[in-house]
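In case you want the letters, here they are:
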Amino acid sequence: TANWRVCLRAAAAGAMARALRDYTQLRWAEAKSEKIRKVGGTSKPREGLTVAIGNTPLIELKSLSEVTGCRILAKCEHLNPGGSVKDRPALWMVEDAEKKGLLKPGGTICEGTGGNTGVGLAMVAASKGYAAIMAMPASIAKEKIDAMKIFGAEVILTPSVPFTDPRHYFHTAKRAAEEIEGGFFTNQFENEANFRSHLEGTAPEMWAQAGGNIDGFVCSSGTGGTISGCSQFLKAVNPSCQIYLIDPPGSGYRSYIEGGPVDKQIVMGQPTDFIKRSEGSSITEGIGIGRLTNNFKQARIDGAFAGSDAEAIEMAYHLKEVDGVLVGPSAALNAVGAVKLARKLGPGSTVVTVLCDSGDRYKSKLFNASWLSEKGFHPTSRTAAERRADKSLTWIS
């Protein structure tokens, strides 16, 4: 770990590419060493749950590779112990606060969340002996709310109101931290430990697992942590790597990337940069917002795709029935983005995306035929055999 940090400090001093290449080599060396240490297919016990966060598999989505003529790889972040990519920033933000003396023993972790960060923080809080308070919109999937409560977190459900409204979940969580002795607001949207968790963890892992061969990376964005950390690393080790955003309806990120306006305002005493949202709304959770975050501002992005709810839903059903991969709507949208980027880059390219969470947390919505029908979607009208026979994916625009 000390060697990794030396490399990363060198990167900050202006030797990013060289330092990150060295960092990746160190990860390779450790992986080989760990493999040698294994006896009878098992390794030595490791202390505590948090050491299980990260080092997730990188798999090929073969059906998508076959259709595009590219190699489409997906980082299985849904296999983290808390069930999502948000386990990484949850751990990084808490440990960063501990090092800085902002979070002390017996303290309370507070966050405004679309669900998965709250689950990750509740899990980390339980493992480290902290209390947790999570504020989130009442519209969030019940499975996520239940998961936070199972870990012992207090959950505050808020109305779906604009960011300028003091009842917004972000402001609610911030107030909770200010009103409780020992409270700490992790502030996932602005806390740079978020994107560093991907700069130092997710991206080096995927680069090593892909054998140092990644032509493009694509994902959606909520806080901006994943796309910022991954884009910084990948651009450092391969400047020609194409970084793309896939954006759901109702988000402002695509507009911003394509030169859209920024409206500077003061909200609750804090400078806030609002961006122009696209029309509509989305069934996806935790991605696509209408303001620029400090984490997103760190990203190095070449372009953006628009993604639809219909594409995300069809992809979720395609992946579970053709590839045997059960993911949530934002992960499915990422896979849609991977197909769009593969088509753009052309056959022979290697494209990587992130499977951010599991479909287990969306049984009441995404995999509930009645709920989908109310929204006007009917993915169950196609059989698994019909999906396997589909070699064109014309439902992806």
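Residues numbered from 1 in each chain as written. Predicted model: local features only at pLDDT ≥ 70, side-chain atom pairs only at ≥ 80, totals over all residues. Heavy atoms only, no water.

The helix and strand inventory of the protein chain stands at 13 helices and 13 strands. Pairs at least 24 apart in sequence give 73% of the contacts found in the protein chain among residues at least 6 apart. For the protein chain, the accessible surface area stands at approximately 16700 Å², while carbon and sulfur atoms represent 51% of it. (Helix = DSSP H or I, 4+ residues; strand = E, 2+ residues; numbered from the N terminus. Contact = heavy atoms within 4.5 Å. Areas by Shrake-Rupley, 256 points an atom, 1.4 Å probe, with all protein chains shown as cover.)

So, about the packing of helix α4 (residues 116-128) against helix α5 (residues 142-150). Where α4 meets α5, the axes come as close as 8 Å, and the angle between the chain directions of the two elements is 15°. In this view, α4 runs roughly parallel relative to α5, as classed from their interaxial angle. Every pair of crossing elements has a handedness; the one defined by α4 and α5 is left-handed. Contacts between α4 and α5 involve Asn-116, Gly-118, Val-119 and Ala-122 on the former and, on the latter, Lys-144, Ala-147 and Met-148. Grouping the amino acids of the contact of α4 with α5 by side-chain chemistry returns 4 nonpolar, 2 polar and 1 charged. (Axes fitted to C-alpha atoms, helices over the stretch in contact; angles between N-to-C directions. Parallel < 35°, antiparallel > 145°, perpendicular 65-115°, else oblique. Left-handed = near helix turned anticlockwise from the far one by under 90°. Nonpolar A, V, L, I, M, F, W, Y, C, P; charged D, E, K, R; others polar.)

For an α-helix, the turn length of 3.6 residues means that residues three or four places apart are oriented alike. With 15 residues, helix α10 (residues 309-323) should cover 21 Å at 1.5 Å per step; its first-to-last C-alpha distance of 20 Å lies within 8% of that length. Listed in full, the buried residues belonging to α10 are Asp-309, Glu-311, Ala-312, Ile-313, Glu-314, Met-315, Ala-316, Tyr-317, His-318 and Leu-319. Buried residues along α10 sit in contact with α2 (62-68), β12 (303-306), α11 (329-345), α12 (369-375) and α13 (384-389). Backbone geometry just downstream of α10 places Gly-324 in the positive-phi region, at approximately 70°. (Expected span 1.5 Å × (residues − 1). Buried < 20%, exposed > 50% of the residue type's maximum accessible area, 1.4 Å probe, protein only.)

This part takes up the pattern of salt bridges. Enumeration according to the criterion identifies 24 salt bridges in this entry. Linking Lys-100 and Asp-96 is a salt bridge whose minimum nitrogen-to-oxygen distance equals 3.1 Å. The network of salt bridges with common partners includes Glu-314, Lys-320, Glu-321, Arg-382, Arg-387 and Asp-390. (Salt bridge = Lys/Arg side-chain N within 4 Å of Asp/Glu carboxyl O.)

Taken together, the 6 bridges between strand β9 (residues 262-267) and strand β10 (residues 270-275) define a ladder with antiparallel strand orientation. Across the sheet, the residue bridging to Gln-265 is Thr-272, located in β10. (Pairing = 2+ DSSP bridges.)

What follows deals with the environment of Gln-188. Its location among the elements puts Gln-188 in the loop between β6 (183-185) and α7 (193-209). In this structure, the C-alpha to C-alpha distance between Gln-188 and Phe-170, residues 18 residues apart in sequence, is 9.7 Å. If we skip the residues at most four places from it in the chain, Gln-188 touches Lys-86, Met-93, Glu-111, Gly-112, Thr-113, Thr-117, Asn-194, Thr-223 and Asn-295.

In the contact formed by α7 and helix α8 (residues 225-237), the axes pass within 7 Å of each other and the chain directions differ by 50°. Classed by the angle they form, the pair α7 and α8 counts as oblique. α7 and α8 meet at a crossing whose hand is right-handed. Between α7, through Asn-194, Phe-195, His-198, Leu-199, Thr-202, Ala-203, Pro-204, Met-206 and Trp-207, and α8, the contact on the second element is made entirely by Gly-225, Thr-226, Ser-228, Gly-229, Cys-230, Gln-232, Phe-233, Leu-234 and Val-237. Among the residues making up the contact of α7 with α8, the classes are represented as 10 nonpolar, 8 polar and no charged.

For the rest of this paragraph, the subject is the nonpolar core. Formed by 82 residues in total, the largest nonpolar core has its most connected members in Leu-64, Met-206, Ile-214, Phe-217, Leu-234, Met-315 and Leu-319. Top contributing element to this core by residue count: α11, with 9 residues. In this structure Leu-319 touches Leu-61, Leu-64, Gly-324, Val-325, Val-327 and Ala-335, once residues within four positions along its chain are discounted. Grouped together as the second largest cluster of nonpolar side chains are 24 residues, Leu-91, Leu-103, Met-123 and Met-136 included. (Core = buried A, V, L, I, M, F, W, Y, C linked by side-chain atoms within 4.5 Å.)

For the rest of this paragraph, the subject is the sheet that holds strand β4 (residues 131-137). The strand order β5-β4-β3-β6 describes an open sheet built from 4 strands, whose pairing is parallel. One side of each edge strand has no neighbouring strand; the edge strands of this open sheet are β5 (154-158) and β6. Shown here is a sheet whose adjacent strand axes are inclined to one another by a mean of 20°, direction ignored. Relative to β5, β4 is paired through 5 bridges, and the arrangement is parallel. Among the inter-strand pairings, Ile-133 is bridged to a residue of β5, identified as Glu-154. Across the sheet, α5 lies against β4 and β5, angled at about 150° from β5, the strand it touches most.

This next bit is on unusual backbone geometry. The backbone of Asn-55 sits at a positive phi, close to 55°, despite the residue not being glycine. One non-glycine residue, Leu-393, lies in the positive phi region at around 50°.

Within strand β3 (residues 108-112), 5 of the 5 residues are buried, which leaves it mostly tucked inside the rest of the structure. One ladder, built from 5 bridges, connects β3 with β4; its direction is parallel. Bridged to Gly-112 within β4 is Ala-135. Crossover handedness for the path β3 to α4 to β4: right-handed. (Right-handed = clockwise from strand over helix to strand, strands pointing away.)

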